[in-house]
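Working through the structure, step by step
Chain by chain, the residues run as shown.
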Amino acid sequence: MSSEKKKKEKEPDITFFHPDLLEVPQDGSLPYLKGYRCTRCGQLDFPKLNPCPGCWGEEFDMIPLSRQGKLYSFADIHIGQPGMNTPYIVGYVDLPENIRIFAQLEGELGSFFCDQAVELTVGPIRMNQDGLPITSYKFKKAAVPEERKS
């Protein structure tokens, strides 16, 4: 019998974070977050909570959530977890559907303020165990319409 142990092949680490939360259409249309509405009571949640905390229902319809919201609160992070380049910004975004989402913010430190309009974007949020970027949802400052620039 051989004393050599077979090495177990390592599965590659993820490079896309939770496809049940974020849809990036292949046809080039804009990405969106996936909300889940309970078919029994109508409660809308992000992420999906199973069973529904309102009625214990277990059937849901996926609902595309609004791409724009308002920044409720934020923080500049200077000491982060492993795999994340510091500094970075995180915040809570309030969507029109009455859902508050925690996400990374894309932009310069010190450039955000509460109640600021932000919009969904997609980008790297951290590095995986293989040293590759993990792509997920983020929010950035909403584009200002041309007529409002002055």
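Please refer to the structure placed before this passage.
Now for a quick tour of the structure. The residue numbering used here restarts from 1 in each chain and proceeds along that chain's sequence as written. The predicted nature of this model means local features are confined to residues of pLDDT at least 70 and side-chain atom pairs, given and counted, to a pLDDT of 80 or more, with totals for whole chains, interfaces and linings taken over all residues. In computing side-chain values, all of the structure's heavy atoms are included and hydrogens and water are not.

1. Comments concerning the overall build of the protein chain
When helices and strands are counted, the protein chain shows zero helices and nine strands. Helix numbers and strand numbers start at the N terminus; a helix is a DSSP run of H or I with at least 4 residues, a strand a run of E with at least 2. Taken from the N to the C terminus, the helices and strands of the protein chain come in the order β-β-β-β-β-β-β-β-β. Two residues form a contact once any of their heavy atoms are found within 4.5 Å. The contacts in the protein chain between residues at least 6 apart in sequence include a share of 46% that link residues at least 24 apart. As displayed, the protein chain offers around 10,300 Å² of accessible surface, 51% of which is attributable to carbon and sulfur atoms. Note on areas: Shrake-Rupley with a 1.4 Å probe; residue coverage comes only from the protein chains shown.

2. Considerations on the sheet that holds strand β6 (residues 88-95)
When DSSP finds two or more bridges between a pair of strands, those strands are recorded as paired. The five strands lie next to each other as β5-β6-β7-β9-β8, forming a closed barrel whose pairing is mixed. Between one strand axis and the next, the sheet turns through 40 degrees on average, direction left out of account. Where strand β7 (residues 99-106) lies against strand β9 (residues 133-141), three bridges are found, and the strand directions are parallel. If you follow Glu106 over to β9, its bridge partner there is Lys140. Think of each axis as a best-fit line through the C-alpha atoms, taken over the contacting stretch in the case of a helix, with angles from 0 to 180 degrees between the N-to-C directions.

3. As for the nonpolar core
For this analysis, a nonpolar core means a set of buried residues of the types Ala, Val, Leu, Ile, Met, Phe, Trp, Tyr and Cys, connected via side-chain atoms within 4.5 Å. Relative accessibility thresholds used throughout: buried, under 20% of the residue-type maximum; exposed, over 50%; partly exposed, between the two (1.4 Å probe, protein chains only). Within the largest apolar cluster, 19 residues are counted, with the highest numbers of intra-cluster contacts made by Leu33, Phe46, Leu65, Ile101, Tyr137 and Phe139. Within the residue set of this core, elements represented by two or more residues are β6, β7, β8 (117-127) and β9. Top element by residues in this core is β7. It accounts for four residues. Leu65 has contacts with Tyr32, Leu33, Lys34, Gly35, Leu44, Phe46, Leu95, Glu97, Ile99 and Ile101, leaving out every residue within four places of it along the chain. Within the second largest apolar cluster, five residues are counted, among which are Tyr36, Cys38, Cys55 and Phe60.

4. Comments concerning the pairing of β7
Bridge count for β6 against β7 is seven bridges, and the pairing is antiparallel. Paired with Gly91 across the two strands is Ala103, which belongs to β7.

5. Some points on unusual backbone geometry
Pro47 follows Phe46 through a cis peptide bond whose omega is -5 degrees. As for its placement among the helices and strands, Pro47 is situated in the loop between β3 (44-45) and β4 (60-64). Put simply, Thr86 and Pro87 share a cis peptide bond, and its omega is -5 degrees. By the secondary structure assignment, Pro87 is in the loop between β5 (68-77) and β6. For Trp56, which is not glycine, the phi torsion reads 70 degrees and is therefore positive. Considering the arrangement of structural elements, one finds Trp56 in the loop between β3 and β4. Despite not being glycine, Asp115 shows a phi value in the positive range, around 70 degrees. You can see Asp115 is positioned in the loop between β7 and β8.

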